[in-house]
Amino acid sequence: MPLIIFASPKGGVGKTTMAANIADALRRNGRRVLVIDFDPQNTLRLHFGVPLSDGAGFLANLPKRPDWRNVARQTASGVMLLPHGAIDIRGALGLSSAIERDPELLAAPMRAILADPGLVVIADTPPGPSHALNLLAPMASLVIAVLLADATSAALVPEIDNGRFLGQGTMAALFAGRLRVLLNGVDPNARLSRAAAETVARHLGPRLLGAVAREEAVAEALAAQRLILDISPNSQAAEDLREVARGIEAAMPAVPDTLQQGWGAR
Ligand SMILES: Nc1ncnc2c1ncn2[C@@H]1O[C@H](COP(=O)(O)OP(=O)(O)OP(=O)(O)O)[C@@H](O)[C@H]1O
Ligand SMILES: [Mg+2]
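Computed from a predicted model, the values in this text were never measured in an experiment.

Reading the values: rules and limits
Residues numbered from 1 in each chain as written. Chains lettered and ligands numbered in written order. Predicted model: local features only at pLDDT ≥ 70, side-chain atom pairs only at ≥ 80, totals over all residues. Heavy atoms only, no water. Helix = DSSP H or I, 4+ residues; strand = E, 2+ residues; numbered from the N terminus. Buried < 20%, exposed > 50% of the residue type's maximum accessible area, 1.4 Å probe, protein only. Contact = heavy atoms within 4.5 Å. Areas by Shrake-Rupley, 256 points an atom, 1.4 Å probe, with all protein chains shown as cover. Near = heavy atom within 4 Å. Polar contact = N/O pair within 3.5 Å; in protein donor to acceptor, adjacent residues only side chain to side chain. Nonpolar A, V, L, I, M, F, W, Y, C, P; charged D, E, K, R; others polar. Expected span 1.5 Å × (residues − 1). Arc of directions from axis to C-beta. Core = buried A, V, L, I, M, F, W, Y, C linked by side-chain atoms within 4.5 Å. Pairing = 2+ DSSP bridges. Axes fitted to C-alpha atoms, helices over the stretch in contact; angles between N-to-C directions.

Things to note about the overall build of the protein
Across its full length, the protein holds eleven helices and eight strands. Looking at the protein as a whole, 50% of its 266 residues are labelled buried. Partitioning the intrachain contacts of the protein with sequence separation of at least 6 by distance along the chain shows that 76% fall at a separation of at least 24. Surface exposure of the protein reaches about 11,800 Å², of which carbon and sulfur atoms provide 55%.

In structure tokens form, the structure reads like this:
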């Protein structure tokens, strides 16, 4: 506990980039952090320096019921990682059906992972609805919907407002105030980007968790298979990520100091 899910109705908005780098920011704040890749694209690992050729992982092997502890990688950043694992289209479709048929296949290991009260668990999900997201959302302390600061983001706000993209059974999560929006790729020098960000901020109010600047440093960090706070700690994006991590800590439910060195203690 707690579980923080990165999701979005739209692809390519920066979910994986945010999940990896926020995990790193929380780790730097002294948290024990596990990131889990639920996306068959299997790209979360690249932010942590796992070689392209390394196809080992957790979700891809779920039907074999692996012990997550045996699959988890201790990365150089200190963040623990459960890569998705390499899988082809047929395998991904089969896995999705297996989770739909037997939700316990995923629910049981997730309960085991979340039973560790001092562990912050971050989930990166594929774009749009999925059986995995449907199953995970009710377990989450926070669902972070990532949007780009562009013309489509304003149009997607109602989709996020009514929770449709999260699938069934998650309206409760919305009303409990567990859904937040993170605006990514904000370019303060571009009129359209600024206008989109202002529209989203006006509509969402406090449900907007924060914004991260569009910056070369973000893409460069991925190209180098490194994390932004590691490679460009003085960039605007790095500052934004630290700020978002502080917002996440403030939004988390209180956990006793004895279990976690102080969620909300600062
Ligand atoms: N703030 C940013 N500034 C510049 N480039 C960015 C920023 N955020 C993300 N990117 C780039 O945008 C691309 C897409 O990012 P990412 O893979 O994280 O999106 P995603 O939402 O996880 O995609 P998918 O829906 O396919 O899972 C990457 O090349 C990434 O480096
Ligand atoms: Mg992704």
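Don't stop here, the text continues.
Points about the site of ligand 1
Taken together, 18 residues are adjacent to ligand 1, and G12, K15, T16, T17 and N184 come closest. Between ligand 1 and V13 there is a distance of 2.9 Å, counted from an oxygen atom to a backbone nitrogen or oxygen. At 2.5 Å from an oxygen atom of ligand 1 is found a side-chain nitrogen or oxygen belonging to T17. Protein coverage of the free-state accessible area of ligand 1, which is 630 Å², stands at 78%. Listed by contribution, the elements that provide at least two residues to the shell around ligand 1 are helix 1 (15-28), strand 7 (179-186) and helix 9 (216-223). For the shell around ligand 1, a count of residues per class yields six nonpolar, eight polar and four charged.

Looking at unusual backbone geometry
The phi torsion of most residues other than glycine is negative, and most of the peptide bonds are trans. Located in the positive-phi region is N42, a residue other than glycine, with phi close to 60 degrees. Along the chain, N42 turns up in the loop between strand 2 (32-37) and helix 2 (68-71). Classification of N42 by relative accessible area gives buried; the value is 3%. Here the phi dihedral of Q225 falls at roughly 55 degrees; this positive angle occurs in a residue that is not glycine.

Let's talk about helix 8 (residues 191-204)
With 14 residues, helix 8 extends 20 Å from end C-alpha to end C-alpha; this agrees with the ideal 20 Å at 1.5 Å per step. Burial in helix 8 covers these residues: S193, A196, A197, V200 and L204. All buried residues of helix 8 project into a common sector of 100 degrees when viewed along the axis, lining one side. Among the exposed residues of helix 8, those pointing more than 90 degrees away from its buried face are R191 and R202. As for helix 8, its buried residues are in contact with helix 6 (151-161), strand 7 and strand 8 (208-213). Trailing helix 8 by a residue or two, G205 shows a phi angle of about 55 degrees, which is positive.

Examining the nonpolar core
Within the largest apolar cluster, 44 residues are counted, with the highest numbers of intra-cluster contacts made by L3, I5, L34, F38, L106, M110 and I113. Sorting elements by how many residues they give to this core places helix 4 (residues 104-114) first, with six residues. With sequence-adjacent residues up to four places away left out, L3 is seen in contact with M110, L114, V121, A123, L136, M139, A140, S141 and L142. I4, L227, L241 and V244 belong to the second-largest nonpolar core, a separate cluster that totals 38 residues.

A word on the sheet that holds strand 1 (residues 3-7)
Reading across from one edge, 3-4-2-5-1-6-7-8 is the order of the eight strands in this open sheet, with mixed pairing throughout. Only two strands of the sheet have a single partner each, and these edge strands are strand 3 (73-74) and strand 8. Bridge count between strand 2 and strand 5 (residues 119-124): six bridges; the pairing is parallel. Its bridge partner lying in strand 5, D37 is registered against D124. Most of the contacts of helix 8 go to strand 7, to which it runs at about 170 degrees, and overall it touches strand 7 and strand 8. Relative to the sheet, helix 11 (residues 236-251) contacts strand 1, strand 6 (142-148), strand 7 and strand 8, its axis offset from that of strand 8 by approximately 165 degrees.

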